[in-house]
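# Understanding the architecture of this molecule
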Amino acid sequence: MEEEDGFDDDAPSGPLLPPDDRLWRHPSEVGKTAPPSRLGLFTSPAREPRILLIAVLSGLISSLLTTGLIALAGGFEDRTVTHRSVEREAALPVSTSRTGTGSNANIVDIAERVRPAIVQLEVEGNNLKGSGSGVLLRSDGHVLTNQHVIDGADKITIVMADGHEYPGKLVGGDPDTDIAVVKIDGPAFPTATLGTASNLKVGNQAIAIGSPLGLAGGPSLSVGVVSALGRQVDSRDGPPLLDMIQTDAPIAPGSSGGALLDGDGSVIGITTAIAVSDVGAEGLGFATPIDIARDVAEQLITTGKVVHVWLGIEGEDAAGNSGALVRKIRDGSPAADAGVHERDVITAVQGKPVTSMSALVVALRARKPGQVVTLGLNRDGKPLTVNVTLVDRPRNL
């Protein structure tokens, strides 16, 4: 949930633009009257069209700080979306992932190995019928996908690469990260190998695999590169996606919840959003780092919920990318108890520099409630440190 900061700069500056004047558009509009480009979520054309609306990104990013791995979550009606790059903070490593050579023979081998672990989700609900993709996370039938794929679904059917179908049961979802887990029952299922996004570099090979457009016959595969790291996708109606992987590997609507692979076939991300233009695909896709997705999935499987820690400040990027400027502190929050002041600039977490409000969120998101972290501050030009005990984010935030 996005927090209101009490300032007028969050409000739209005027009436929303008509479709033909928008910069970005939803993938479901591809093939219709072609509006200018729009950033959207991968949903099947069978899903009821939901248009994302354009907004002017102000220089101020003001938010109640949580470490929720931030996403375009929940409903998609009248959702304002734009994007900009932010400094990347490395995700928590979970395994070693190589970069691979990317030869044609290697790609064929990867397709044969990974396709059985990629599934199609057919969802039905009130005024909802569509499809998405998923990744078999465990051999016992746990499937990793996007929250927006199953949002509002009363019935979920999992279609395997070989055409077999299984009824799916929702384990849980996290709107903040746009990650969800669905469970199917059956024999031991093939699983994808999970890598890490923490050591990615621009130019590394990227292979997208999913079930676009609800097509029968198994998953589709496309090849490209990692074209940028640390991208941010902002939404007026919800918290932003941070530290996203950008790729030029072609991805079609309906691939949401599919896998982005490295050159060895290890999953490095869950495909979530795509940019399109008046001529079709813009060639920019965005994936949630697998380090984030796996942590969320494990929490959902283990406890049925996801914990997001809370610092309790609102702020913006400090001038010159010098840190996160604190504008407001919630009474009784960890930041207040630790002695953080308004107008302080947070410059480091555990000795590691942060250069923006977004970078601060990324630096804290792997932390757990009860952990004590050391914040580096700049107060009136003087450096100092404070120790903050993080807590679970209040439910009303």
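Here, the structure is the one placed above.
Quick look at the structure, then. (Residues numbered from 1 in each chain as written. Predicted model: local features only at pLDDT ≥ 70, side-chain atom pairs only at ≥ 80, totals over all residues. Heavy atoms only, no water.)

Let's shift gears to the sheet that holds strand E7 (residues 142-146). One closed barrel accounts for 6 strands, arranged E5-E6-E7-E10-E9-E8; its pairing is antiparallel. Across this sheet, the average inter-strand angle for adjacent strands is 40°, counted without regard to direction. Two strands pair when backbone bridges link them, and strand E5 (residues 118-125) and strand E6 (residues 128-136) are joined in this way by 8 bridges, in the antiparallel orientation. Looking at E6, one finds that Val123 is bridged to Gly130. (Pairing = 2+ DSSP bridges. Helix = DSSP H or I, 4+ residues; strand = E, 2+ residues; numbered from the N terminus. Axes fitted to C-alpha atoms, helices over the stretch in contact; angles between N-to-C directions.)

This part takes up the environment of Gly323. Locating Gly323 in the fold gives a position in the loop between strand E17 (309-317) and strand E18 (324-329). Residues Gly323 and Val345, 22 residues apart in the sequence, show an inter-C-alpha distance of 5.9 Å.

We note that Asp178 has phi near 60°; this positive angle belongs to a residue other than glycine. Asp178 sits in the buried class, given a relative accessible area of 0%. In this structure, Arg343 takes a positive phi of about 80° despite not being glycine. Relative to the elements of secondary structure, Arg343 occurs in the loop between helix H4 (334-338) and strand E19 (345-349). (Buried < 20%, exposed > 50% of the residue type's maximum accessible area, 1.4 Å probe, protein only.)

What follows is about the side chain of Asn146. Along the chain, Asn146 turns up in strand E7. With relative accessibility at 0%, the residue Asn146 sits in the buried group. Reaching out from Asn146, the side chain makes a polar contact with the backbone nitrogen of Gly257 at a distance of 2.9 Å. With residues near it in sequence (within four places) discarded, Asn146 still touches Asp178, Ile179, Ala180, Ser256, Gly257, Ile270, Thr271 and Thr272. (Polar contact = N/O pair within 3.5 Å; in protein donor to acceptor, adjacent residues only side chain to side chain. Contact = heavy atoms within 4.5 Å.)

Position of Ile301 among the secondary structure elements: in helix H3 (residues 290-303). In sequence terms Ile301 and Val171 are 130 residues apart; their C-alpha atoms lie 6.7 Å from each other. Those residues in contact with Ile301 that sit more than four places away from it in its chain are Leu137, Arg138, His142, Val171 and Val181.

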